[in-house]
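This is what each chain is made of:
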Amino acid sequence: MSNLTKSIPVEERSMLRKMFWRSFTLYAAVSPAKQGASGFCYSLMPAINRIYQGDEEGKQAALVRSMSYFNTTIPLSTFIMGLVASMEKENKEKEGFDTNSINAVKSSLMGPLAGIGDSIFWGVLRVIAAGIAVGLGTAGNVLAPVVFLLLFNVPALLIKYYGTFLGYKLGSEYIQKVYASGLMNILTKAAGIVGLIMVGGMTASMVTFRSAFELKVKGQSVLNLQSMLDQIFVGLVPLSLTLLCYYLLKKKNVSITVLIIGVIVLSIVLSLLGIA
């Protein structure tokens with residue numbers, strides 16, 4: 001047993017191990033609106049049940065918090081789970097704890113850890129493991145697929161396992177110090193800003209619109225709709241559509257399913273009309 005795990009009480013170690021095993025279901029049920037939120041909530045339940053034992057109201061609030069949007073590289077996801085568990089523990093023990101900081105910190109870590117994790121595990125480790133396995137395969141070694149799976153999964157699983165304990169340990173040690181120094185409000189605000197930047201970047205890269213409409217007179221183009229829109233504001237239509245969906249979802253309680261169907265129907269209509 002490592003010093004990291006030994007420094008955590010036995011009961012809490014058991015709780016964190018349960019979270020680790022449950023984390024394999026992280027993306028078992030993915031929704032367009034919240035990605036792996038349900039898997040994150042399920043993974044965190046051992047901690048929530050233990051921390052809020054006998055406090056049904058606190059447990060319910062924690063479960064609702066854990067169902068917020070979650071999406072990051074799988075091997076690094078447990079670090080965030082451990083950190084959130086430690087913040088929930090602090091919330092239970094400390095009067096006046098700012099619960100908004102929990103999801104703010106969670107959201108701010110998703111993007112950076114996804115960037116680091118994707119680069120390491122998909123960009124480096126997978127390529128190295130595949131290169132070694134391909135070399136073995138071309139030499140006729142039947143263990144090539146097994147070697148690939150071991151080289152890729154063993155480091156990923158070790159990081160995922162110890163990341164659970166590291167996140168919990170760091171949270172337990174530093175959150176109280178951050179609160180005592182008065183930095184928690186600054187941290188919460190900064191984390192919220194990072195989260196908004198991440199959402200903005202996702203909107204710009206994932207929501208696209210390209211108009212094919214062009215007005216011609218005597219064979220000469222007199223109006224190019226896309227060019228005109230770009231002169232007003234690059235990405236005007238994707239931004240407007242995203243804000244409209246957010247308004248309908250947040251303010252009018254329109255179902256995400258209805259919004260998805262609506263966007264699909266709108267896309268088909270615009271395509272049939274030759275606008276996009």
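You'll find the structure just up there.
Values in this document were obtained by computation on a predicted structure and should not be read as measured data.

(A) Here's a closer look at the overall build of the protein. The secondary structure content of the protein amounts to eleven helices and two strands. Taken from N to C terminus, the helices and strands of the protein fall in the order α-α-α-α-α-α-α-α-β-β-α-α-α. Across its three principal axes, the protein shows a C-alpha extent of roughly 80 × 65 × 35 Å. In the protein, the share of contacts with a sequence separation of at least 24, taken over all contacts with a separation of at least 6, comes to 69%. Accessible surface computed for the protein: about 16,100 Å², of which carbon and sulfur atoms make up 67%. For the protein, the centre of its 24 positive side-chain charges and the centre of its 14 negative side-chain charges are spaced 6 Å apart.

(B) Region of interest: the pattern of salt bridges. Following the criterion strictly, the structure yields seven salt bridges and no others. Arg50 is the partner of Glu11 in a salt bridge, and the nearest nitrogen-oxygen pair spans 2.9 Å. On the criterion of sequence distance, the pair formed by Glu11 in helix α2 (residues 10–22) and Arg50 in helix α3 (residues 37–51) is long-range, its members being 39 residues apart. Note on Arg50: relative accessible area 32%, which makes it partly exposed. Between Asp55 and Lys92 there is a salt bridge whose closest N-O contact spans 3.2 Å. One end of the pair, Asp55, is in the loop between α3 and α4 (56–66); the other, Lys92, is in helix α5 (residues 74–93), and 37 residues separate them in sequence. Taking relative accessible area as the criterion, Lys92 reaches 37% and is therefore assigned partly exposed. In this structure, a network of salt bridges that share partners links the residues Glu11, Glu12, Arg50 and Lys89.

Rules behind the numbers
Residues numbered from 1 in each chain as written. Predicted model: local features only at pLDDT ≥ 70, side-chain atom pairs only at ≥ 80, totals over all residues. Heavy atoms only, no water. Helix = DSSP H or I, 4+ residues; strand = E, 2+ residues; numbered from the N terminus. Contact = heavy atoms within 4.5 Å. Areas by Shrake-Rupley, 256 points an atom, 1.4 Å probe, with all protein chains shown as cover. Lys, Arg positive; Asp, Glu negative; His and termini not counted. Charge placed at Lys NZ, Arg CZ, Asp CG, Glu CD. Salt bridge = Lys/Arg side-chain N within 4 Å of Asp/Glu carboxyl O. Buried < 20%, exposed > 50% of the residue type's maximum accessible area, 1.4 Å probe, protein only.

Remember, this is a structural readout, not a statement about activity or role.
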